[in-house]
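Working through the structure, step by step
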Amino acid sequence: MKRTVPIVIAAATGFVLIVSSFIPLTEEWGSAAMQWFNILAAIAFVLGGSNLLRMNLQKISDRRLGWGYAAVTLVAFLVTLFVGLFKVGVQPTESFPTYAWAAPYNQEGSFLWWLFEYMYKPLQATMFSLLAFFIASAAFRAFRAKNPEAIALLATAFIVLMGRTYVGGLMREFLPERLEWLSFDAMTNYIMSVFNLAGMRAITIGIALGVASTSLKVLLGVDRSYLGAGDD
Amino acid sequence: MRRETLIWTTLMVLGGLALLGRAATVGNGRVYIRAVTVAEVEGVQVVQYQGVPPSQRSEADVSLSWPRTIGIWISALCTLGIMSFVLGDNPLYKLMESIFVGVSAAYLMVAAFWDEIVQNLFRSLIPGLMRDSFLPGLEAGLQTDYSYLAPLLMSGMMLWRLAPKGAWIARWPLAFFIGATAGFRLVSYLEADFTQQINNTIMPLIVYAADESFDIWGSIRNVLIVSGVLLGLVYFFFSVPHRGVVGGLARGGVWLLMITFGASFGYTVMGRIALLADRLQFLFDDWLWLIDPTMQRIGM
Amino acid sequence: MYEFFKTLDRRWIFLLMLIAVGLPILRGWQFPERPSPMVQSVFDAIESLPEGSQVWMAYDYDPGSQGELHPMALAFTRHCALKKLKMYYMTLWPQGPPMIQKNVDVLRNEFPDLQYGVDYVNLGYRPGYEGPIKLAVTDLRKTIAADVDGKSLNDLPMTKGLKNIQNVDLIINVSAGYPGTKEWVLYAATPYNISSVAGCTGVQAPYLYPYVPQQLNGLLGAIKGAAEYEFLLLEAYPQLRENPEAQEALRRMGPQLLAHLVLIALIVIGNVIYFVGRRRGDV
C-alpha cells in the first residue's frame with residue numbers, strides 16, 4: 001500500500017489530465033485536478049518554511065558550527081511570518097473600509113512591505129548582481145581559445161557583446177549600404193535569429209522528447225524514483 | 001593588526017565619517033510621504049501613505065517618513081553587506097545571507113497562505129466565514145464545495161512529512177503532484193516544443209521576394225536554419241555511433257552549438273551587468289543623492 | 001607585464017568592473033539606439049492593437065531580475081496606457097505583486113484619467129507554477145476569484161464578462177525564468193493560438209528564439225531590448241521625452257557599453273597571457 005497506491009494515484013492523475021486535453025467532456029476533471037495541484041503547490045511553500053524552521057532549531061539546540069547565523073535566520077523567519085500572517089500595519093482599503101483583514105498583506109506602508117522593500121529586495125537583487133564580478137573574473141581566467149570550437153564560441157561572444165551596445169551600430173556610419181550587414185549589430189541579429197535559433201530549436205526538440213519519455217515512465221510506473229528508496 | 005586589516009578598517013572609518021557628514025549636511029537617503037485619505041466611514045478616516053519625490057517636501061500634507069528613511073539606510077547596508085562577498089566570505093555577508101533565507105522562506109509562506117489557501121481552499125470550504133472576515137467581496141450565497149476536502153486532506157498528508165514517523169503518508173499527495181505534472185507536460189511539450197517546432201522548421205529553401213525575384217539572403221537564411229536544426233539533432237542522437245557521415249554531421253552540430261553557447265554567454269553577461277547597474281544606481285541615487293536621473297530632487 | 005597579469009589578484013578585476021559600471025552611471029552617459037527587427041515586431045504588435053483591446057500583462061519576475069526587467073515592464077505599461085488598452089495584471093511569482101504595484105503606481109501617477117477596474121486591474125499572485133495558466137485559459141474564476149483588494153471579478157467592469165483568457169488580444173509576458181514565457185507559450189499561446197510578446201532576461205532570451213514568430217510575435221532580450229523599445233516609444237510618443245522615468249533602460253546602456261568593452265579586454269588579455277605562457281612552457 002505504501003508504494004502501490006502512490007503509483008496508482010500518479011498514473012490516474014496524469015491520464016486524467018492527458019484525456020482532458022482531448023475530450024471536452026472531461027475538461028472539468030482536468031480543471032479540478034489543476035485546482036488541487038495549485039493548492040498543493042502553495043502547501044509546498046508552507047512545508048519548505050516549516051522544514052527550515054525545524055532544521056535551524058535543531059542546529060541551535062545542537063550548538064553546531066554557525067548556530068548564531070541559524071538564530072538570525074530563525075528570528076528573520078518568525079518576524080516576517082508574524083507580520084505577514086497578522087497583516088501588521090495594513091490599513092483597510094477603499095473597497096472595504098470596515099474590514100481591516102480584507103486589505104492586501106503586502107500593502108504599501110505595512111510591515112511586510114517594509115521588510116520586502118528594504119531588506120528582501122536589496123538582498124536578493126545584490127546577490128544576483130554579484131555574478132557580474134565573478135563572470136568578469138572567470139572570463140579573464142578561463143575563457144581560452146584552446147581549439148577551433150572554443151574560437152567559434154569566443155568569436156560569437158565577441159560579436160554579440162559588441163553588437164548589444166551603441167558601438168555595435170557605429171560601424172554602419174563607415175560602411176557602404178550593401179555592406180551594412182558587417183556591422184556588429186546586424187551580425188548579432190543574424191546570429192541570434194539563424195544560428196542561435198537553429199541550435200536552440202534542436203535543443204528544444206531534444207528536451208521535449210526527454211520530457212515526454214520521462215512523463216510516460218512516471219505514468220506507467222517505470223520511474224518510481226520520486227517515492228524514495230526507503231520503506232518509510 | 002595585519003596591514004590589510006588596518007587599511008580596510010581605516011577606509012571604512014573614513015567612509016563612515018564621510019557618510020555621516022553628508023547625511024548631516026545634504027540629508028541624503030531621506031524619504032517623504034503624503035497622507036491620502038482613501039475613505040471615510042462613520043467619521044473614521046482611512047488614511048494611506050504614498051511616497052513622494054523629496055522636491056515636494058515643503059508641500060502641506062507631505063512629511064518625512066522615518067521608517068522609510070531608516071529603510072533606505074538598511075537597504076544600503078544590505079547591498080554593501082552582500083557586495084562585501086567580493087572581498088571574500090565574511091561575517092557581514094553571512095549575516096545578510098541568514099536574514100535573506102529567513103525573510104524569503106517566510107514571505108513565500110505568507111504569500112501562499114493569503115493568495116491560495118485563503119483565496120481558494122478556505123473560500124471554497126467555508127465561504128460564509130471567509131465573507132465575514134478576509135474576503136468580504138465574495139458573492140452572497142456561495143455554497144461549500146465539498147470536492148475541496150480532497151486537497152485539504154492531501155495538504156494534511158503532505159505536512160505529515162514533518163512528523164517523526166509515517167513519512168510514507170506524504171507520498172500520496174506527492175504522487176498526485178508528480179502525476180499531474182507528468183500529465184500536462186507530456187501533452188504540452190509534444191504540442192509546443194516538438195510538433196510545433198518541426199512545423200516552424202518546415203520552410204521554403206528557395207525564397208522569392210514579393211516582386212517574384214529570387215531572394216538570395218532569405219534562401220541562405222532558411223537553408224542555414226533547416227540544416228542547422230538537422231545537424232543539432234544528429235549531434236543529440238546518441239543511438240548511432242558518431243562515426244563516418246554521422247560523425248561529420250555531428251561535428252557540424254558541435255560547431256553550431258558552440259555558436260549558440262557563445263551567443264548565450266554574451267546575453268548572460270549583458271544581464272548580469274544590468275543587475276549590477278541597478279544596485280549601483282540605488283546607492284548613488286536613492287541613498288547617497290549623488291545623481292538625480294529622474295529629477296526627484298530638482299530645486300533642492 | 002606577463003608576470004603582473006598572470007598573478008593579478010582578482011579583486012583588481014572586481015574593482016575594474018565596478019568602475020566600468022559605476023562611472024557611466026555617475027556621469028549619466030546615454031546613447032541613441034537603433035531598434036532591431038525583433039524589438040520592432042514587439043512594438044508593432046502592441047501599436048497595431050485598436051483602442052480598448054484586452055491585454056494580459058503576465059509579469060513573472062522578482063527583485064533578483066528587476067534590474068533587467070523593470071524598465072521594459074514599465075515601458076509596456078506606458079505603451080498600453082497611451083494606446084488606451086485594457087490591462088489585466090497577474091503574476092506567477094510570489095515576489096511579483098510589488099513589481100506589479102510599481103506599474104499600477106505609474107498608471108495612477110502618469111495616467112490619472114485611467115480608472116481602476118475599467119481600464120486596468122491587478123489580479124495579483126497565484127501559486128501553482130503553470131497551474132494557474134492552465135486554469136486561466138479554460139475558466140479564469142477557478143484560479144482567480146477576486147482582485148488584490150478582494151473585489152469579486154463579477155463586480156469589476158473589466159472582468160465581469162471575462163470567462164477565460166482565450167479571447168484576449170495579446171499576452172504581454174515579462175519573465176525572469178520558471179514559470180514564465182516558456183510556460184505561457186506552452187499552455188496558452190500555442191494551444192489556444194493567442195498572440196503574445198515577451199520581455200525576458202539575457203539568460204532566457206536565446207532559448208526563446210525558436211518560438212518566434214510562429215508562437216511568439218516578438219521578444220525583448222534583456223536591457224538592450226528594453227532600451228530599443230523605449231527608443232521606439234519616445235519616437236512614437238514624443239510627450240514621453242519630458243518624463244525621465246520613461247528613459248530608464250536608455251540610461252542603463254552607458255554602463256553596458258563600458259562593461260562590455262572591459263569584459264572583451266579581459267578576455268583578450270587572458271588569452272594573450274595564456275598563449276605567451278604556453279610558448280614559455282608555463283601552461
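Residues numbered from 1 in each chain as written. Chains lettered and ligands numbered in written order. Predicted model: local features only at pLDDT ≥ 70, side-chain atom pairs only at ≥ 80, totals over all residues. Heavy atoms only, no water.

Some remarks on the pairing of strand 6 (residues 218-221) of chain C
All names here are of chain C. Quick note on the threshold: Only protein chains enter the accessibility calculation, which uses a 1.4 Å probe. A residue is then buried if its area is under 20% of the maximum for its type, exposed if over 50%, and partly exposed in between. The helix count covers DSSP runs of H or I at least four residues long, the strand count covers runs of E at least two residues long, and both are numbered beginning at the N terminus. Any two strands with at least two DSSP-identified bridges between them are counted as paired.
Neither face of strand 6 is open: one carries Gly218 and Leu220, the other Leu219 and Gly221, and all of them are buried. As defined by bridge partners, strand 5 (residues 196-200) adjoins strand 6 across four bridges and the pair is classed as parallel. Bridge pairing in strand 6 places cysteine 200 opposite glycine 221.

A word on the domain arrangement of chain B
All names here are of chain B. Where we set the bar: Each domain span listed reflects an automatic or database assignment of domains. We call two residues in contact whenever any of their non-hydrogen atoms come within 4.5 Å of each other. Buried area is a sum: the accessible area each of two parts loses on coming together, probed at 1.4 Å, counted once for each and added. Each salt bridge in this description consists of a side-chain nitrogen of Lys or Arg and a carboxyl oxygen of Asp or Glu lying within 4 Å of one another.
Assigned domains of chain B: these are domain 1 (21-88) and domain 2 (203-287). Between the C-alpha centres of domain 1 and domain 2 there is a distance of 46 Å. Between domain 1 and domain 2, the contact holds nine residues from the first and seven residues from the second. Taking both partners together, domain 1 and domain 2 bury about 690 Å²; carbon and sulfur atoms supply 76% of that area. Of all residues in domain 1, the largest losses of buried area upon contact with domain 2 belong to Ile72, Thr79 and Met83, amounting jointly to 49% of the total for that side. Where domain 1 touches domain 2, the interface holds zero salt bridges.

Let's talk about the nonpolar core
The cut-off we apply is this: The criterion is simple. A nonpolar core is a set of buried Ala, Val, Leu, Ile, Met, Phe, Trp, Tyr and Cys residues joined through side-chain atoms within 4.5 Å.
By size, the foremost hydrophobic cluster in this structure holds 205 residues, and its most contacted members are Trp56, Phe76, Met87, Trp184, Tyr229 and Leu263 of chain C. Sequence-distant contacts of tyrosine 229 of chain C, defined by excluding residues within four places in its chain, comprise Val39, Val42, Phe43, Ile46, Ala75, Phe76, His79 and Leu220 of chain C. Counting 12 residues, the second-largest nonpolar core is a separate cluster that includes Ile7, Ile18, Val218 and Leu227 of chain A.

Here's the deal with empty space enclosed by the protein
Put simply, the rule is: A pocket here means an open set of points on a 1 Å grid, computed over the protein atoms alone, that has protein on both sides within 12 Å along at least five of seven lines. A cavity is instead a set of points where a 1.4 Å probe fits but cannot get out; residues with an atom within 4 Å of a point line either one. Grid points are joined across faces, edges and corners, and a volume is the space filled by probe spheres set on the points. Charged residues are taken to be Asp, Glu, Lys and Arg, nonpolar residues to be Ala, Val, Leu, Ile, Met, Phe, Trp, Tyr, Cys and Pro, and polar residues to be all remaining types, Gly included.
A complete count under the given rule lists two cavities of 30 Å³ or more for this structure. If you add up the space inside the largest cavity, you get close to 50 Å³. Around the largest cavity, the lining residues are Gln119, Arg123, Leu135, Gly137, Leu138 and Glu139 of chain B together with Ala145, Ala146, Gly150 and Ser152 of chain C. The residue inventory of the lining of the largest cavity, partitioned by class, reads four nonpolar, four polar and two charged. Here the second largest cavity is characterised by a volume of approximately 30 Å³. Around the second largest cavity, the lining residues are Ile171, Asn173, Thr181, Trp184, Val185, Ser196, Val197, Ala198 and Leu216 of chain C. For the lining of the second largest cavity, the secondary-structure elements that each account for two or more residues are strand 4 (170-175), helix 7 (181-192) and strand 5 of chain C. Looking at side-chain class alone, the lining of the second largest cavity contains six nonpolar, three polar and no charged residues.

Some points on the packing of aromatic side chains
Where we set the bar: The aromatic pairing rule takes the rings of Phe, Tyr and Trp, using the six-membered ring of Trp, and pairs them if the centres are within 6.5 Å, calling planes under 30 degrees apart stacked, those over 60 edge-to-face and the rest tilted. Working rule: Lys NZ or Arg CZ, within 6 Å of ring centre, within 35 degrees of ring normal, means a charge sits over the ring.
Per the stated rule, a full pass over the model turns up 39 aromatic pairs over all chains. Each residue in the set Trp101 of chain A together with Phe113, Trp114, Phe122 and Phe134 of chain B is aromatic and connected to the rest through ring pairs, giving one cluster. Over the aromatic face of tryptophan 114 of chain B sits the side chain of lysine 87 of chain A, whose NZ or CZ is 4.0 Å from the ring centroid.

Digging into the interface of chain B and chain C
Rules: Any pair of nitrogen or oxygen atoms within 3.5 Å is treated as a polar contact; in protein, a donor-acceptor pairing is required on top of that, and neighbouring residues in sequence qualify only through side-chain atoms on both sides.
Contacts between the two partners involve 50 residues from chain B and, on the opposite side, 61 residues from chain C. Interface of chain B and chain C: buried area, both sides summed, is about 4700 Å²; carbon and sulfur atoms make up 60% of it. Looking at the side of chain B facing chain C, the largest losses of area belong to Tyr267, Met270 and Ile273 of chain B, adding up to 12% of the total buried there. Our count for the contact surface shared by chain B and chain C stands at 20 residue pairs in polar contact (both at pLDDT 80 or more). Elements with a contribution of two residues or more to the side of chain B that touches chain C: helix 3 (91-125), helix 6 (171-201) and helix 8 (244-287) of chain B.

As for the interface of chain B and chain A
Counting residues at the interface gives 126 residues for chain B, matched by 121 residues for chain A. Roughly 11500 Å² is buried in total at the junction of chain B and chain A, and carbon and sulfur atoms are behind 80% of that figure. On the chain B side of the interface with chain A, the three residues burying the most area are Tyr107, Met109 and Arg171 of chain B, jointly 7% of the side's total. Our count for the contact surface shared by chain B and chain A stands at two salt bridges. Linking glutamate 108 of chain A and arginine 68 of chain B is a salt bridge whose minimum nitrogen-to-oxygen distance equals 2.9 Å. The interface formed by chain B and chain A includes 16 residue pairs in polar contact (both at pLDDT 80 or more). Among the residues forming the side of chain B that touches chain A, the class breakdown is 84 nonpolar, 27 polar and 15 charged.

A closer look at unusual backbone geometry
Omega for the bond connecting tyrosine 178 of chain C with proline 179 of chain C falls within 30 degrees of zero, at -10 degrees, which places this linkage in the cis form. When you line up the elements, proline 179 of chain C lands in the loop between strand 4 and helix 7. The linkage connecting valine 212 of chain C with the following residue, proline 213 of chain C, adopts the cis geometry, with an omega of 0 degrees. Residue position: proline 213 of chain C is located in the loop between helix 8 (205-208) and strand 6. In this structure, lysine 87 of chain A takes a positive phi of about 50 degrees despite not being glycine. Secondary-structure assignment places lysine 87 of chain A in the loop between helix 3 (67-85) and helix 4 (111-129). Take lysine 87 of chain A: its relative accessible area is 9%, and that puts it in the buried class. The phi torsion at tryptophan 289 of chain B lies on the positive side, around 60 degrees, for a residue other than glycine. Structurally, the position occupied by tryptophan 289 of chain B is in the segment after helix 8. The class of tryptophan 289 of chain B is buried, set by a relative accessible area of 11%.

Observations concerning the pattern of salt bridges
Residue and element names in this part refer to chain A. What the rule picks out here adds up to 31 salt bridges over all chains. With a closest N to O distance of 3.2 Å, arginine 172 and glutamate 180 form a salt bridge. The partly exposed category is assigned to glutamate 180, whose relative accessible area is 25%. Where arginine 172 meets aspartate 185, a salt bridge forms, and the shortest distance between an N and an O atom there is 3.1 Å. Of this pair, arginine 172 sits in the loop between helix 7 (166-170) and helix 8 (184-219) while aspartate 185 is found in helix 8, placing the two residues 13 residues apart along the sequence.

Points about the layout of surface pockets
Within this model, the second largest pocket holds a volume of roughly 1600 Å³. Together, 36 residues line the second largest pocket, and Trp8, Leu11, Met12, Leu80 and Leu87 of chain B are the ones closest to its centre. Those elements giving two or more residues to the lining of the second largest pocket turn out to be helix 1 (3-25), helix 2 (66-83), helix 3 and helix 8 of chain B together with helix 2 (10-27) of chain C. With nine residues, the top contributor of residues to the lining of the second largest pocket is helix 2 of chain C.

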